[in-house]
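Descriptive analysis of the structure
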Amino acid sequence: MVLCALRQQVLRCSSHCRTWARLLQRQRSSCVYSSIHGFNQDEIREKLQAFHGGSIDLLKQDSGIAVLTINNPSRMNAFSGSMMIDLEERVSQLENWPEGKGLIVQGAAETFCSGSDLNAVRAISNQQDGMKMCMFMQNALTRLLRLPLISVALVEGRALGGGAELTTACDFRLMEAGSVIQFVHKHMGLVPGWGGAARLVHLVGSQNALKLLGGAVKVDPELGVNIGLVDGVLEGHQKTEGAAPLLQQAENWLSRYTKGPAPVIQAVKKVVLSGRELPLSEALRTEKDIFGMVWGAPANLEALASKSKHK
Ligand SMILES: CCCC(=O)SCCNC(=O)CCNC(=O)[C@H](O)C(C)(C)COP(=O)(O)OP(=O)(O)OC[C@H]1O[C@@H](n2cnc3c(N)ncnc32)[C@H](O)[C@@H]1OP(=O)(O)O
């Protein structure tokens with residue numbers, strides 16, 4: 001009897017291991033570009049490294065919510081080349097965080113991010129380098145969006161150009177009253193290249209995306225909420241007396257979605273992600289695999305044992 005139960009447990013474990021392996025394989029293929037697309041990650045890393053300044057800082061908290069800070073205040077948190085590399089490394093760390101549940105992406109010193117560092121942009125303004133930088137950032141931001149964590153961009157001050165694109169690589173966007181998201185690319189003779197246009201169309205529809213990009217429209221919190229780009233407006237803590245610090249407000253907002261055991265929250269994100277990205281049949285098969293990982297797992301057994309009512 002005991003042997004039989006043990007055998008069943010071993011079988012269940014090895015089936016979970018196979019499912020994990022398959023899902024991990026899918027996660028590894030999170031990148032859009034690889035060598036088959038002529039993309040050489042080491043080559044572009046070396047080039048980007050030459051444009052240093054600033055950092056991307058990661059704080060993993062015991063609550064399971066991490067904070068990623070874009071930190072280059074003297075340039076309004078513009079992305080230098082070394083920050084692009086930092087971002088990719090921080091995403092790798094988050095991909096390997098079993099206790100993780102949520103992520104807040106913020107800018108340092110009360111502003112979000114003013115896009116690419118224009119000094120680096122000028123230095124690599126030839127077409128080939130621009131394309132390589134674009135592929136590197138699309139890979140990093142696609143992996144950010146595909147993390148098994150529920151992510152929020154906390155927009156304070158300005159999110160311009162690539163900064164606006166970065167907000168779309170999170171599941172949700174929160175804006176402080178008075179802040180602005182603006183796809184200024186048109187004014188720079190550009191279009192988004194970090195995947196921001198494709199994600200924007202998914203978020204707000206092609207009509208609204210065309211208006212925002214074609215008009216380089218300044219999106220304030222009210223417009224953002226109206227078109228479905230923005231999920232919540234936070235009180236400016238400096239202007240509103242008694243308001244909690246913005247990061248605290250964002251953590252409170254996010255915590256309603258991250259409450260619970262990490263494997264369950266990660267599974268929630270994974271089923272939504274597969275529904276969002278995969279054709280229906282494949283999404284259904286992935287959902288089945290993910291379901292198999294939570295079914296009969298500790299959180300499920302505990303919930304069954306507690307005979308909870310959902311009142
Ligand atoms: C595919 C990616 C496409 C892209 O992201 S292209 C880049 C798009 N972003 C931009 O064009 C932003 C340009 N900057 C601005 O419009 C303004 O600086 C901004 C952000 C509205 C802030 O204006 P102000 O508050 O008046 O402050 P300021 O202009 O004096 O800026 C303070 C210091 O920050 C610097 N800065 C701001 N954005 C930068 C950027 N993207 N790259 C490099 N440096 C940047 C700015 O040059 C200034 O430096 P400094 O004090 O003059 O040494």
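The rules behind each value
- Residues numbered from 1 in each chain as written.
- Predicted model: local features only at pLDDT ≥ 70, side-chain atom pairs only at ≥ 80, totals over all residues.
- Heavy atoms only, no water.
- Axes fitted to C-alpha atoms, helices over the stretch in contact; angles between N-to-C directions.
- Helix = DSSP H or I, 4+ residues; strand = E, 2+ residues; numbered from the N terminus.
- Parallel < 35°, antiparallel > 145°, perpendicular 65-115°, else oblique.
- Contact = heavy atoms within 4.5 Å.
- Nonpolar A, V, L, I, M, F, W, Y, C, P; charged D, E, K, R; others polar.
- Buried < 20%, exposed > 50% of the residue type's maximum accessible area, 1.4 Å probe, protein only.
- Domains from an automatic or database assignment.
- Buried area = accessible area lost by both parts, 1.4 Å probe.
- Salt bridge = Lys/Arg side-chain N within 4 Å of Asp/Glu carboxyl O.
- Phe/Tyr/Trp six-rings, centres within 6.5 Å; stacked < 30°, edge-to-face > 60°.

Bringing the packing of helix α2 (residues 41-49) against helix α5 (residues 127-145) into the picture now. Running from N to C, α2 and α5 cross one another at 105 degrees; their axes reach a closest spacing of 10 Å. It follows from the interaxial angle that α2 and α5 lie roughly perpendicular. For the pair formed by α2 and α5, the contact residues are Q41, E43, I44, R45, K47 and L48 on the first element and D129, K132, M133 and F136 on the second. In the contact of α2 with α5, the residues fall into four nonpolar, one polar and five charged.

Let's shift gears to unusual backbone geometry. Phi is positive for A109, which is not a glycine, with a value near 55 degrees. Tracing the sequence through the fold places A109 in the loop between β3 (102-107) and α4 (118-123). When its relative accessible area of 59% is taken as the criterion, A109 is described as exposed. In the Ramachandran plot, A216 falls in the positive-phi region, its phi being about 45 degrees despite a non-glycine side chain. With a relative accessible area of 5%, A216 lands in the buried category.

On to the domain arrangement of the protein, then. In many analyses, interface size is given as the accessible surface area lost on bringing the parts together. Along its sequence, the protein is organised into domain 1 (38-236 + 244-259) and domain 2 (260-310). Spacing between the C-alpha centres of domain 1 and domain 2 amounts to 28 Å. Facing 15 residues of domain 1, the contacting portion of domain 2 comprises ten residues. A buried area of about 1000 Å², summed over both sides, lies between domain 1 and domain 2, and 51% of it is on carbon and sulfur atoms. Our count for the contact surface shared by domain 1 and domain 2 stands at three salt bridges.

Another aspect to go through is the packing of aromatic side chains. One pass over the structure, following the stated rule, counts five aromatic pairs. Ring geometry for F172 versus Y257: centroids 5.6 Å apart, planes at 25 degrees, classification stacked. A residue pair is termed long-range when its members are at least 10 positions apart, and F172 in strand β6 (residues 172-176) and Y257 in helix α9 (residues 246-258) qualify at 85 residues. We classify Y257 as partly exposed; its relative accessible area is 35%. Grouping aromatic residues by their ring pairs yields a cluster made of F172, W253 and Y257.

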